[in-house]
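Tertiary structure, described
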Amino acid sequence: DKLYLSCQKFNLVEMFQQSIEMLQLKAKDKDISIDLSVNLQSWQHELINDEDRIQQVLINLLSNALKFTKRDGRITVMLRSKGSNQNSAGEIEVEVSDNGIGIKAEDQDKLFEEYGRV
């Protein structure tokens, strides 16, 4: 089966803010803060891609971070520019970090296996 993308223009920063807002109640129940740090040029906020798929990945990452972060923890979401200029959008790097239990070094290779679970 092929995955089809529905690409359209959207504001990446707003979508990240909305996704974080959707999970704030769960985070508040565990006294976990979720912070968003944006280091992008203003013209990089608008992008053409499949917003639903990107949001799905972000929510999965945030949900896992919430699941494995202890009470009074912190989750940080970072959006930053990599090698871009006004003629080329370059890359946008997304990082989700937390102070949860982490993944054992020997299990990290399994992260990108199909249906892998650690």
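Cut-off values and rules
- Along each chain, residues carry numbers from 1 onward, in the same order as the chain's sequence is written.
- pLDDT decides what is reported in this predicted model: residues at 70 or higher carry local features, side-chain atom pairs at 80 or more are listed and counted, and totals for whole chains, interfaces and linings draw on all residues regardless.
- Each side-chain value is worked out from all heavy atoms of the structure, with water and hydrogens disregarded.
- Two strands are counted as paired when DSSP detects at least two bridges linking them.
- By definition, any uninterrupted DSSP run of H or I lasting at least four residues is a helix, any uninterrupted run of E lasting at least two residues is a strand, and each is numbered from the N terminus.
- Lines are fitted to the C-alpha atoms to define the axes, a helix being fitted only along its stretch in contact, and any angle between axes, read from their N-to-C directions, falls within 0 to 180 degrees.
- Contacts are assigned to residue pairs with any non-hydrogen atoms lying within 4.5 Å of each other.
- Here, the term nonpolar core denotes a set of buried Ala, Val, Leu, Ile, Met, Phe, Trp, Tyr and Cys residues that are joined through side-chain atoms within 4.5 Å.
- Accessible area is worked out with a 1.4 Å probe on protein chains only. A residue is then buried under 20% of its type maximum, exposed over 50%, and partly exposed in between.
- Each helix crossing is assigned a hand: it is left-handed if the near helix lies turned anticlockwise from the far helix by less than a right angle, otherwise right-handed if that turn is clockwise.
- Basically, the charged four are Asp, Glu, Lys and Arg, the nonpolar ten are Ala, Val, Leu, Ile, Met, Phe, Trp, Tyr, Cys and Pro, and anything else, Gly included, counts as polar.
- Under the convention used throughout, the expected extent of a helix is 1.5 Å for every residue step, that is, one less than its residue count.
- Nitrogen and oxygen atoms within 3.5 Å of one another constitute a polar contact, given that in protein one can donate a hydrogen and the other can accept it, and given that sequence-neighbouring residues count only through two side-chain atoms.
- When we speak of the arc, we mean the arc of directions from the helix axis to the C-beta atoms.

Examining the sheet that holds strand E2 (residues 33-39)
Judged by pairing direction, the sheet is mixed, and its three strands sit side by side in the order E2-E4-E5 without closing on themselves. If you trace the sheet from one side to the other, it starts and ends with E2 and strand E5 (91-98), each paired once. In this sheet, neighbouring strand axes are inclined to one another by 15° on average, regardless of whether the strands run parallel or antiparallel. As paired strands, strand E4 (residues 74-82) and E5 are joined by eight bridges and run antiparallel to one another. Its bridge partner lying in E5, Ile75 is registered against Asp98. Lying on the sheet, helix H1 (residues 12-29) is in contact with E2, E4 and E5; it crosses E2 at an angle near 170°.

Section: the nonpolar core
Side chains of nonpolar character tend, in soluble globular proteins, to be buried together. Residues Leu12, Phe16, Ile34, Leu62, Ile75 and Val77 are the most contacted members of the largest nonpolar core, which totals 18 residues. Where this core is concerned, the elements lending two or more residues are H1, helix H2 (51-68) and E4. For this core, the element with the highest residue contribution is H1, accounting for seven residues. Once you skip the residues sitting within four places of it in the chain, Val77 turns out to touch Phe16, Ile20, Ile34, Asp35, Leu36, Ser37, Leu58, Leu62, Glu95 and Val96.

A few points about the packing of H1 against H2
Running from N to C, H1 and H2 cross one another at 35°; their axes reach a closest spacing of 10 Å. Crossing of H1 against H2: the hand is right-handed. In this structure, H1 contributes Leu12, Met15, Phe16, Ser19, Ile20, Met22, Leu23, Lys26 and Ala27 to the contact, and H2 contributes Glu51, Ile54, Gln55, Leu58, Ile59, Leu62, Ser63 and Leu66. Each residue belonging to the contact of H1 with H2 can be placed in one class, and the counts come to 12 nonpolar, three polar and two charged.

Observations regarding the environment of Phe10
Examined against the element boundaries, Phe10 turns out to sit in strand E1 (residues 8-11). Residues Phe10 and His45, 35 residues apart in the sequence, show an inter-C-alpha distance of 8.2 Å. Sequence-distant contacts of Phe10, that is, excluding residues within four places in its chain, are made with Met15, His45, Glu46, Leu47, Asn49, Asp50, Glu51 and Ile54.

Topic: H1
Over its 18 residues, H1 extends 27 Å from the first C-alpha to the last, a length consistent with the 26 Å expected when each residue adds 1.5 Å. By the burial criterion, the buried members of H1 are Leu12, Val13, Met15, Phe16, Ser19, Ile20, Leu23 and Ala27. The secondary structure elements touched by the buried residues of H1 are E1, E2, strand E3 (46-49), H2, E4 and E5. A positive phi of about 55° marks Asp31, the residue just after H1.

What to know about the side chain of Thr69
Tracing the backbone through its elements, the reader meets Thr69 in the loop between H2 and E4. Within the local environment of Thr69, its side chain forms a polar contact with the backbone oxygen of Ala65, the two atoms lying 2.5 Å apart. Beyond its immediate stretch of four places on either side in the chain, Thr69 contacts Lys30, Ile32, Arg74, Ile75, Asp98, Asn99 and Gly100.

Some thoughts on H2
The terminal C-alpha atoms of H2, which comprises 18 residues, lie 26 Å apart, in line with the 26 Å expected from a rise of 1.5 Å per residue. Along H2, the residues that are buried comprise Gln55, Leu58, Leu62, Ala65 and Leu66. Buried residues in H2, looked at end-on, bunch into an arc of 95°, giving them a common side. Opposite the buried face of H2, by more than 90 degrees, sit the exposed residues Asp52 and Lys67. Structurally, H2 contributes buried residues whose contacts are with H1, E2, E4 and E5.

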